[in-house]
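Understanding the architecture of this molecule
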Amino acid sequence: MSDSQGNLKHKAALSLAALGVVFGDIGTSPLYAFREAFHGSHSLAITPTNVLGVLSLVLWSLILVITVKYVFFVLRADNRGEGGVLTLTALAAPPRLVKRGQINYLALYLGLFGSALLFGEGVLTPAITVLGAVEGLELATPVFSHYVVPLTLVILFALFYWQHQGTARIGAIFGPVILIWFIVIGGLGIYGIIQNPVVIGALSPLHAVRFFQENGTVGFWALGAVMLAVTGAEALYADMGHFGRKPIQVAWFFAALPGLALNYFGQGAILLLNPENAVNPFYNLAPSWALYPLVALSTAAAVIASQALISGVYSLTRQAIQLGYSPRIRIVHTSSEEIGQIYVPHINWIMLAVTSLLVLEFGSSAALASAYGAGVSATMLITTTLVSLVALQRWRWNVFAVIGVFLLFGTIDVLFFSANLSKIPDGGWVPFTIAIIVFTCMTTWRLGRRVLMERLKEKSISFEEFIRRLRENPPVRVRGTAVFMTGDPQGVPPALLHNVRHNKAMHERNVLITVATEDLPHISKEERVDLIELAPQFYRITAYYGFMETPDIRDVLSACSVKGVDLKLEDISFFLGRETLIPTRRPGMAIWREYLFALMSRNAERATAYFNIPADQVVELGIQVEL
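Residues numbered from 1 in each chain as written. Predicted model: local features only at pLDDT ≥ 70, side-chain atom pairs only at ≥ 80, totals over all residues. Heavy atoms only, no water.

1. Looking at the sheet that holds strand β6 (residues 538-545)
Stated formally: Here a strand pair is declared whenever DSSP counts at least two bridges between the two strands. Comment: elements are numbered from the N terminus, with helices defined as DSSP H or I runs of at least four residues and strands as E runs of at least two. Note on geometry: axes are lines fitted to C-alpha atoms, helical ones only across the stretch in contact, with angles between N-to-C directions running from 0 to 180 degrees.
The mixed open sheet is built from six strands, whose spatial order is β5-β6-β4-β3-β7-β8. Each edge of the open sheet is held by one strand with a lone partner, namely β5 (529-535) and β8 (618-626). Looking at each pair of strands side by side, their axes are set apart by 25 degrees on average, direction ignored. In this sheet, β6 lies alongside strand β4 (residues 505-517) in parallel orientation, the contact comprising eight bridges. Across the sheet, the residue bridging to Thr517 is Tyr545, located in β6.

2. With respect to a nonpolar patch on the surface
As a reminder, the rule being used: Residues enter a patch when their relative accessible area is above 30% and they make no salt bridge; the linking distance is 9 Å between like charges and 5 Å between nonpolar side chains (Val, Leu, Ile, Met, Phe, Trp, Tyr). Residue-level accessible areas treat just the shown protein chains as cover; the underlying method is Shrake-Rupley with a 1.4 Å probe. By salt bridge we mean one thing: a side-chain nitrogen of Lys or Arg within 4 Å of a carboxyl oxygen of Asp or Glu.
Together, Leu392, Val399, Phe400, Ile403, Phe406 and Leu407 give the surface a local cluster of nonpolar side chains, amounting to about 550 Å² of exposed area. For the nonpolar patch, the element with the most residues is helix α20 (residues 399-420), which contributes five residues. On the secondary structure map, Ile403 appears in helix α20.

3. Some words on the pattern of salt bridges
To keep it simple, the criterion reads: Relative accessible area decides the class of each residue, using a 1.4 Å probe on protein chains only: under 20% of the type maximum gives buried, over 50% gives exposed, and in between gives partly exposed.
Throughout the structure, instances matching the rule amount to eleven salt bridges. A salt bridge links Asp413 to Lys69; the nearest nitrogen and oxygen atoms lie 3.0 Å apart. A residue pair is termed long-range when its members are at least 10 positions apart, and Asp413 in helix α20 and Lys69 in helix α4 (residues 48-73) qualify at 344 residues. Each of the two residues, Asp413 as well as Lys69, counts as buried. The partner of Arg586 in a salt bridge is Glu458, and the shortest N-O contact between them spans 3.4 Å.

4. Let's talk about the environment of Ala604
What counts is decided by this rule: The contact definition used throughout considers only heavy atoms, calling two residues in contact when any of these lie within 4.5 Å.
On the secondary structure map, Ala604 appears in the loop between α25 (591-603) and α26 (607-610). Taking relative accessible area as the criterion, Ala604 reaches 13% and is therefore assigned buried. Counting along the chain gives 277 residues from Ala604 to Pro327, while the straight-line C-alpha distance between them is 5.4 Å. If near-sequence neighbours (up to four positions away) are discounted, Ala604 is found in contact with Pro327 and Arg328.

5. A word on the nonpolar core
Formally: For this analysis, a nonpolar core means a set of buried residues of the types Ala, Val, Leu, Ile, Met, Phe, Trp, Tyr and Cys, connected via side-chain atoms within 4.5 Å.
In terms of nonpolar packing, the biggest core is built from 177 residues, with Phe23, Leu62, Ile66 and Trp252 touching the most fellow members. Looking at this core, the element that brings in the most residues is helix α6 (residues 103-134), giving 15 residues. Once residues lying within four places of it in the same chain are set aside, the contact partners of Phe23 are Ala18, Phe182, Leu236, Ile248, Ala251, Trp252 and Ala256. In this structure, Ile461, Leu497, Val500 and Leu621 belong to the second largest nonpolar core, which totals 18 residues.

6. Quick notes on the packing of aromatic side chains
Under the convention used in this document: Only Phe, Tyr and Trp rings take part, Trp by its six-membered ring, and two of them pair if their centres are within 6.5 Å. Stacked means planes under 30 degrees apart, edge-to-face means over 60, and tilted covers everything else. A ring is considered to have a charge above it if a Lys NZ or an Arg CZ atom is located within 6 Å of its centre and within 35 degrees of its normal.
Going through the model one piece at a time under the given rule, you end up with 23 aromatic pairs. The interplanar angle of 25 degrees and the centroid separation of 5.7 Å between the aromatic rings of Phe23 and Trp252 together place this pair among those described as stacked. Taken together, the residues Phe23 in the loop between α1 (3-22) and α2 (24-27) and Trp252 in helix α15 (residues 245-273) connect sequence positions 229 residues apart. According to the relative accessible area criterion, Phe23 is buried, its value standing at 0%. Exposure remark for Trp252: the relative accessible area of 0% places this residue in the buried category. Members of the aromatic cluster, connected to one another through ring pairs, are Phe73, Trp395, Trp397 and Phe409. For the cation-ring pair, Arg76 lies above Trp395, with the distance from its terminal atom to the ring centre recorded as 4.8 Å.

7. As for helix α23 (residues 494-503)
Among all positions of α23, only Ala495, Leu496, Leu497, His498, Asn499 and Val500 are buried. Directly beyond the C-terminal end of α23, a positive phi value near 55 degrees is found at Lys504.

8. A word on helix α22 (residues 463-472)
Heads up, the rule is: To obtain the arc, one takes the directions from the helix axis to the C-beta atoms.
Here α22 has its buried residues at Phe463, Phe466, Ile467 and Leu470. Each buried residue of α22 sits inside an arc of 95 degrees when the element is viewed along its axis, so together they form one side. Looking at the buried side of α22, the elements it contacts are α23, β4, β5 and β6.

9. Considering the packing of helix α8 (residues 148-161) against helix α18 (residues 345-362)
Which entries qualify depends on this criterion: Should an angle lie under 35 degrees it is considered roughly parallel, over 145 roughly antiparallel, and from 65 to 115 roughly perpendicular; all remaining angles are considered oblique. Each residue is assigned to one of three groups, with Ala, Val, Leu, Ile, Met, Phe, Trp, Tyr, Cys and Pro labelled nonpolar, Asp, Glu, Lys and Arg labelled charged, and all others, Gly among them, labelled polar.
Axis separation between α8 and α18 bottoms out at 10 Å; the angle between their running directions is 170 degrees. Accordingly, the angle class assigned to the pair α8 and α18 is roughly antiparallel. For the pair α8 and α18, contact is made by Val149, Thr152, Leu153, Leu156, Phe157, Phe160 and Tyr161 and by Asn348, Trp349, Met351, Leu352, Thr355, Ser356, Val359 and Leu360, respectively. Its residues assigned to classes, the contact of α8 with α18 shows eleven nonpolar, four polar and no charged.

10. Considering the packing of helix α5 (residues 85-92) against helix α19 (residues 365-393)
The criterion, for reference: The handedness criterion is simple: a crossing whose near helix is rotated anticlockwise from the far helix by less than a right angle is left-handed, and one whose near helix is rotated clockwise is right-handed.
Between α5 and α19, the shortest axis-to-axis distance is 9 Å and the interhelical angle comes to 35 degrees. Like other packed secondary-structure pairs, α5 and α19 cross with a definite hand, here left-handed. Each of Val85, Leu88, Thr89, Leu91 and Ala92 in α5 lies in contact with α19, whose residues at this interface are Thr379, Thr383, Leu386, Val387, Leu389, Val390 and Gln393. Split into classes, the residues belonging to the contact of α5 with α19 amount to eight nonpolar, four polar and no charged.

11. As for the environment of Ile532
Among the structural elements, Ile532 can be located in strand β5. With residues near it in sequence (within four places) discarded, Ile532 still touches Phe538, Tyr539 and Arg540.

12. With respect to the confidence of the model for the protein chain
Keep in mind that low pLDDT regions are not for reading the predicted coordinates in detail. The test is simple: pLDDT is defined as a per-residue confidence score from the predictor, taking values between 0 and 100.
The pLDDT averaged across the protein chain works out to 87; a share of 94% of its residues lies at or above 70. For the protein chain, the element scoring lowest by mean pLDDT is helix α14 (residues 240-243), at 72; α4 scores highest, at 95.

Put into structure tokens, the structure is as follows:
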């Protein structure tokens with residue numbers, strides 16, 4: 001086999017894998033999107049003008065929003081190959097360089113809120129896609145109508161329960177199943193179009209214009225249903241680091257876009273033939289003999305779509321921890337080969353609980369559709385804003401070109417968002433409520449850590465003063481190496497001061513280690529540590545990690561050996577500070593934030609587990625800190 005053939009096969013395999021992970025969410029939109037326009041809370045009359053107009057809007061939304069904006073524009077904004085809202089935020093507004101009052105300060109908080117909105121999408125997607133798939137059973141026989149919600153809950157429990165096994169075991173079938181899905185829904189679309197070819201006319205955007213002319217305000221609210229056809233767009237960007245830009249583009253043009261467009265046109269065709277098909281135009285496309293296999297395939301596609309969002313929330317959680325917007329939470333690596341495959345138990349069970357509550361509360365995919373679009377459209381608007389800043393500041397685009405791009409995509413996003421405002425009372429409040437809670441926790445943790453560092457610095461002394469005191473009152477030296485983990489890369493750790501003050505002793509060799517997170521997804525091993533000898537046998541080490549990586553003390557010690565300081569894990573005693581936080585009315589944070597920060601701090605995972613430090617080699621020294 002030639003190199004070119006091997007390279008082609010590799011790209012084809014990547015495109016197939018991307019199809020399964022990236023396009024599962026948007027790929028299952030035909031289950032509920034078109035139906036929402038003609039059978040939802042703001043349903044339209046089933047007339048040729050309305051059906052062709054909605055079809056034209058859906059098609060051109062797929063072209064302008066997904067193809068032009070995301071596939072060709074947003075995917076260019078990669079951070080060393082990685083994508084996602086937090087990655088984009090790190091490009092547009094690096095957290096450590098942003099100062100209050102700058103435009104990037106607003107961009108930073110926009111990015112954080114966009115990330116928080118994705119947590120809401122992470123619980124809504126499994127609920128609406130699995131419900132939408134299982135609802136096909138109701139068409140087969142009314143007997144199943146009472147079992148749709150219970151069966152959905154069983155499938156969701158199995159999906160979340162399986163997460164601890166990792167996606168490696170089932171990931172291999174994601175791509176082929178979604179490929180079959182797009183072939184099947186495309187074939188069903190062709191079947192519908194053949195029955196009523198008049199829908200081909202919706203290729204012309206003039207039908208969209210005529211739709212608005214005839215419907216006015218009612219037509220504008222219909223954009224809320226059209227918006228559902230482009231949900232999942234953020235997954236294209238978030239999963240870029242797994243597959244690269246080209247495979248995603250190939251998968252979109254050769255499978256996803258044709259399958260989606262054909263299916264929507266097929267749904268429109270049968271709707272014009274029989275308005276009663278509006279109850280569920282997706283399943284009514286299929287012949288009666290194909291209904292049960294289609295429900296099974298739809299459920300598999302829905303599970304895959306849900307898996308992509310669940311994994312995305314795990315990844316987002318790790319990024320938030322690393323960037324300092326979340327307390328340490330237990331992260332389990334489910335694969336020894338793929339570092340990106342992780343499982344976050346606390347987040348997993350919270351997501352299951354919230355998703356189950358949504359299914360029980362709303363009871364149908366049609367009702368959940370009202371909750372779905374508002375948050376997604378807000379995230380898209382935030383992405384447009386951030387990527388425009390990146391184009392202006394990083395890519396050095398002409399300011400007028402940036403304004404033009406922002407106005408084009410921003411106008412579309414604003415129209416979609418505005419159209420979804422009417423859904424706020426019917427469920428659109430759900431993603432925003434979740435986002436506000438997550439955003440509040442993220443900003444509270446960030447602010448709290450800053451205030452805590454200031455309070456600890458007040459109790460600390462400079463290294464020069466520390467050395468002077470040691471010379472005046474030399475402590476007893478004991479054999480071995482002491483490692484002090486500290487968040488302050490300059491001062492003397494409180495744990496070290498307490499050890500000397502109360503135990504009157506120090507080890508022969510002392511090492512201060514600070515773990516710092518860069519605004520990059522990954523850090524090479526050569527750049528892992530900076531090592532400074534402050535005094536004989538006294539070192540300060542700064543270990544650098546990317547926001548997509550999880551720190552490990554063994555990794556740090558190995559990097560130190562390369563730098564010429566041999567630190568054997570079995571010979572080290574680790575000293576850690578354990579702060580007891582006391583809320584006060586001192587300036588710094590609102591009192592309610594102080595109580596929230598203290599609660600989050602108490603429930604954070606211990607540093608020993610998070611940094612993979614052997615528990616039997618750890619000494620914890622407590623200190624009370626008044627916030």
